[in-house]
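Residues per chain are reported as follows:
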Amino acid sequence: RITHDAAVALSAARAASGAPENFGTRFSVSEAQGQPRLAVTFVEQPIPGDNVTEQEGMPVYVAPELSEAIPEATVDAEPVDGEPQLVLKRPTP
C-alpha cells in the first residue's frame with residue numbers, strides 16, 4: 001500500500017527523473033554496504049513475476065522477493081530536513 005504523501009513524493013521524483021508520466025513505480029530490494037535496502041525505480045512495464053497494482057492513480061510494481069518478505073507493508077513519506085523521505089512501515093503484530 002502507498003499513502004497519499006508517498007504518492008505525491010513519488011510523482012515528484014518521477015518528474016524530476018525525467019521518466020514519462022505513464023511509467024510505473026517499481027519497488028524491489030537492493031543491497032547497499034551489505035544491507036538490504038528498498039529500491040525504487042520508474043519503469044515502462046513490470047518485470048515478469050512482479051505484483052502489479054494501482055495505488056493513488058499510479059501503476060505500482062512490487063518485486064516478488066519484496067512482496068513475499070513483507071506482504072502487508074505500507075510505503076509512506078516523512079519529512080527529513082524539509083524534504084519527503086520514503087519509509088517502509090511494517091504492520092505491527
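Look up a bit, the structure's there.
To start, this report covers the structure provided alongside it. (Residues numbered from 1 in each chain as written. Predicted model: local features only at pLDDT ≥ 70, side-chain atom pairs only at ≥ 80, totals over all residues. Heavy atoms only, no water.)

### Quick notes on the layout of surface pockets
- Computed from the structure, the largest pocket encloses a volume of approximately 280 Å³.
- In terms of lining, the largest pocket is formed by 17 residues, of which the most central are Arg-1, Val-62, Ile-70, Pro-71 and Ala-73.
- For the lining of the largest pocket, the secondary-structure elements that each account for two or more residues are strand 3 (51-55), strand 4 (58-62), helix 2 (64-69) and strand 5 (74-80).
- It is strand 3 that contributes the most residues to the lining of the largest pocket, 3 residues altogether.
- Looking at the lining of the largest pocket, its residues break down into 11 nonpolar, 5 polar and 1 charged.
- One number sums up the size of the second largest pocket: a volume of about 230 Å³.
- Lining the second largest pocket are Ala-9, Leu-10, Ala-13, Arg-37, Leu-38, Val-40, Phe-42, Pro-84, Gln-85 and Leu-86.
- Of all the secondary structure elements, the ones that give two or more residues to the lining of the second largest pocket are helix 1 (4-17), strand 2 (35-43) and strand 6 (83-89). (1 Å grid on protein atoms, 1.4 Å probe; cavity = no way out; pocket = protein on both sides within 12 Å on 5 of 7 lines; lining within 4 Å. Points joined across faces, edges and corners; volume = space filled by probe spheres on them. Helix = DSSP H or I, 4+ residues; strand = E, 2+ residues; numbered from the N terminus. Nonpolar A, V, L, I, M, F, W, Y, C, P; charged D, E, K, R; others polar.)

### Description of the environment of Pro-91
- Mapped onto the fold, Pro-91 is located in the segment after strand 6.
- Separated by 20 residues in the primary sequence, Pro-91 and Pro-71 have C-alpha atoms spaced 9.4 Å apart.
- Setting aside chain neighbours within four positions, we find Pro-91 in contact with Glu-72 and Ala-73. (Contact = heavy atoms within 4.5 Å.)

### Concerning the nonpolar core
- In this structure, Ile-2, Leu-10, Phe-27 and Val-60 are the most contacted members of the largest nonpolar core, which totals 17 residues.
- Residue assignment for this core shows that the elements contributing at least two residues are helix 1, strand 4 and strand 5.
- Residues contacting Phe-27, with those up to four places away along its chain left out, are Ile-2, Leu-10, Leu-38, Ala-39, Val-40, Val-60, Tyr-61, Val-62, Ala-63, Leu-66 and Val-75. (Core = buried A, V, L, I, M, F, W, Y, C linked by side-chain atoms within 4.5 Å. Buried < 20%, exposed > 50% of the residue type's maximum accessible area, 1.4 Å probe, protein only.)

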